[in-house]
Amino acid sequence: MSDFEKLKGELKVKLNHAKTSQEVDIIRTNIFGKNGLINSEFKKLGSLSPEDKKKVASEINNAKQELTKLFNDKVLTLTNSEIDEQVKKEKDDVTLPEKDFRIGKIHPVSQVIDEISSIFSEIGFSVEEGPDVESEYYNFTALNTPENHPAKDMHDTFYLDKNMKTLLRTHTSPVQVRTMLNGKPPFKIIAPGRTYRSDSDQTHTPMFHQLEGLHIDKNINMGHLKGCLNYFVKEFFEVDKIKMRFRPSHFPFTEPSAEVDIGYRVENNKIVIGEGDKWLEILGCGMVHPNVLKNSKVDPKKYQGFAFGIGIDRLAMLKYGINDLRSFFECDYRWLNYYGFDPLDVPTNYRGLSK
Ligand code: PHE
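All values reported here derive from a predicted model rather than from experimental measurement.

Cut-off values and rules
- Residues numbered from 1 in each chain as written.
- Predicted model: local features only at pLDDT ≥ 70, side-chain atom pairs only at ≥ 80, totals over all residues.
- Heavy atoms only, no water.
- Near = heavy atom within 4 Å.
- Polar contact = N/O pair within 3.5 Å; in protein donor to acceptor, adjacent residues only side chain to side chain.
- Areas by Shrake-Rupley, 256 points an atom, 1.4 Å probe, with all protein chains shown as cover.
- Helix = DSSP H or I, 4+ residues; strand = E, 2+ residues; numbered from the N terminus.
- Nonpolar A, V, L, I, M, F, W, Y, C, P; charged D, E, K, R; others polar.
- Domains from an automatic or database assignment.
- Pairing = 2+ DSSP bridges.

Undergrad: Sorry, what's going on with the site of the ligand here?
TA: In the neighbourhood of the ligand, 14 residues make up the surrounding shell, with H171, S173, R197, Q210 and G309 lying closest. Note that a nitrogen atom of the ligand is positioned 3.0 Å from one of the side-chain N or O atoms of S173. Between the ligand and the protein, one listed contact pairs an oxygen atom with a side-chain N or O atom of Q210 at 2.9 Å. Computed on the free molecule, the ligand has an accessible area of 320 Å², of which 90% lies beneath the protein chains in the complex. Breaking the shell around the ligand down by element, the ones donating at least two residues are β5 (207–217), β9 (278–288) and β10 (304–311). Of the residues forming the shell around the ligand, the biggest block, three residues, is contributed by β10. Looking at side-chain class alone, the shell around the ligand contains five nonpolar, seven polar and two charged residues.

See below:
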């Protein structure tokens, strides 16, 4: 047997025993590579006589064909068995409960909106919505805001046209008017949503979130407002005792008006809500002005009630210890991973809001 025949035989055996594509690749180079078996045989042809050259060349070609076929078959069976192997390993039982799919997180603002909605729905408030792009009428005029009021200034309000008739709503209060025009009293609603003002620093962003509350019925008074907000703040901060103070204030759409502060103290660099001698403003409120009721086709002699506007982002910062409001809206995945909430933990009053 010639050397060539011997080498060919050996490589055939090796090929037969190869178990992985990597092994096959090595044998492939040994046979078909630049310095492989076939090429070295062809190189030898130069020293042969013309007759021998013809004979040997055709032998090499036959061997090449034979080996190529063997090779292709081997690659095919190997690939199939490797795929089978992989499929076996990757087999998933789709009936098993999933273990690792909580990749996304709920943004603290969404979480806080859900928490607040849950708290108010327990005492009979339903949820309303209004548009972000609002008319000057609903945002200001219907809310009893005088022509020369500073809030109407270009510095505060994003107007969308030259005539200053369309704007990005500066608060959620227009939803009060829209809700009342759309139905008949009594009304007991909350309206969370985006609001816009031309402002930006550590505690202000051009877009922020508010939650409006409105309760209109016969014989509603300031006492109801205080009771309602007291209940809300205690539930929201998940504490039994809360220190709250109503400070006289002014809004064109409420009379009387108040701003509400809650008491807190700082302990180990953390805010402790409900005690201490420091005050933090968290919302504006008051009894709905008779002019607003009239503009909303509600008879102020028969019906009255209260409204409030809560700064949602502020509350989220307080409850979850987030220092910079701007970080809420930077869409940083790492931030969201840290401060975000589990999508399956829907806040409810009875199961605990944030636990
Ligand atoms: N709209 C007021 C604000 O944005 C808050 C408010 C709402 C005050 C309802 C009173 C009643 O500051």
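Undergrad: Is there a simple way to explain the domain arrangement of the protein in this structure?
TA: You'll often see interface size given as the accessible area lost when the parts meet. Taken as a whole, the protein is organised into domain 1 (3–89) and domain 2 (108–339). Distance from the C-alpha centre of domain 1 to the C-alpha centre of domain 2: 80 Å.

Undergrad: I'm lost on the pairing of strand β6 (residues 244–251) in this one. Help?
TA: Walk down a regular strand and you will see the side chains alternate between the two sheet faces. Relative to strand β7 (residues 254–267), β6 is paired through seven bridges, and the arrangement is antiparallel. From the neighbouring strand, P248 faces β7, where its bridge partner is A258. What sits between the antiparallel neighbours β6 and β7 is a turn of two residues.

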